[in-house]
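Read off the chains here:
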Amino acid sequence: MTELSLIVPCYNEAQNVDVFYDRCLQVFEPAEFEVIFVNDGSKDDTYKKLQHLHEEYSNVLVVNFSRNFGKEAALYAGLERAKGDYVITMDVDLQDPPYLIPKMIRCIEE
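This is a predicted model, so every value here is computed, not measured.

A. Seen up close, the overall build of the chain. The secondary structure content of the chain amounts to four helices and four strands. When the elements of the chain are put in sequence order from the N terminus, they spell out β-α-β-α-β-α-β-α. Here the chain has a C-alpha radius of gyration of 13 Å; the compact-globule value for 110 residues is 13 Å, and the two agree. With respect to the three principal axes, the spread of C-alpha positions in the chain is 40 × 25 × 25 Å. Counting every position in the chain, which comprises 110 residues, the buried fraction comes to 43%. A separation of at least 24 residues holds for 78% of the contacts in the chain among residues at least 6 apart in sequence. Working note: accessible area of the chain is about 6,400 Å², and carbon and sulfur atoms make up 47% of it. Side chains of the chain carry 10 positive and 20 negative charges; the gap between the two charge centres is 5 Å.

Structure representation (structure tokens):
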């Protein structure tokens, strides 16, 4: 079982998707986490970029909404699919950097 699930809603975030995933790889090995990207009806190339990541990495799951349903719906869709012992929701714009995740998990475990 995957130890960590990251749920990442995306709306018109084509420019951030690859950078976000690269930052995650700087912190974790692919076998240590799954990323559930939820494309919330983006009108740019977000879905195309997410599909590319999914094809390249087995720990990337993509949920694609037919239109924009909002962040809450995207989070719910991700939560329904998460398999990790720990589930973290994050914005793809790196407002909260992935390098803080191990510290958060240590705080929970202590």
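B. Looking closely at the environment of Cys107. For Cys107, the position within the fold is in helix H4 (residues 101-109). In sequence terms Cys107 and His54 are 53 residues apart; their C-alpha atoms lie 31 Å from each other.

C. The arrangement of the packing of aromatic side chains in detail. Using the criterion set out here, one finds five aromatic pairs in the structure. Taking 5.6 Å as the distance between ring centres and 45° as the angle between the ring planes, the aromatic pair formed by Phe28 and Phe33 counts as tilted. The residues Phe28 and Phe33 share a single accessibility class, namely buried.

D. Region of interest: unusual backbone geometry. Positive phi, close to 55°, is recorded for Asn12, a residue that is not glycine. With a phi angle near 65°, Leu94 is a residue other than glycine that sits in the positive phi range. With respect to the helices and strands, the residue Leu94 is situated in the loop between strand S4 (86-89) and H4.

E. Inspection of the pattern of salt bridges at higher detail. Using the criterion set out here, one finds three salt bridges in the structure. Salt-bridge contacts for Lys49 lead to Asp18; the nearest nitrogen and oxygen are separated by 3.7 Å. Here the residue Lys49 occupies a position in helix H2 (residues 46-56), and Asp18 occupies one in helix H1 (residues 14-25), the gap between them amounting to 31 residues. On the basis of relative accessible area, Lys49 is assigned to the partly exposed category, the value being 31%. Taking the shortest distance from any N to any O, the salt bridge between Glu80 and Arg81 comes out at 3.8 Å.

F. Structural context of H1. Inspection of H1 places Ala14, Asn16, Val17, Phe20, Tyr21 and Cys24 among the buried residues, and these make up the whole buried set. With its buried residues spanning 140° around the axis, H1 presents them on a single face. Contact partners of the buried residues in H1: strand S1 (4-10), strand S2 (33-39), H2 and strand S3 (60-64).

Reading the values: the criteria
- Residues numbered from 1 in each chain as written.
- Predicted model: local features only at pLDDT ≥ 70, side-chain atom pairs only at ≥ 80, totals over all residues.
- Heavy atoms only, no water.
- Helix = DSSP H or I, 4+ residues; strand = E, 2+ residues; numbered from the N terminus.
- Rg over C-alpha atoms; globule rule 2.2 N^0.38 Å.
- Buried < 20%, exposed > 50% of the residue type's maximum accessible area, 1.4 Å probe, protein only.
- Contact = heavy atoms within 4.5 Å.
- Areas by Shrake-Rupley, 256 points an atom, 1.4 Å probe, with all protein chains shown as cover.
- Lys, Arg positive; Asp, Glu negative; His and termini not counted.
- Charge placed at Lys NZ, Arg CZ, Asp CG, Glu CD.
- Phe/Tyr/Trp six-rings, centres within 6.5 Å; stacked < 30°, edge-to-face > 60°.
- Salt bridge = Lys/Arg side-chain N within 4 Å of Asp/Glu carboxyl O.
- Arc of directions from axis to C-beta.

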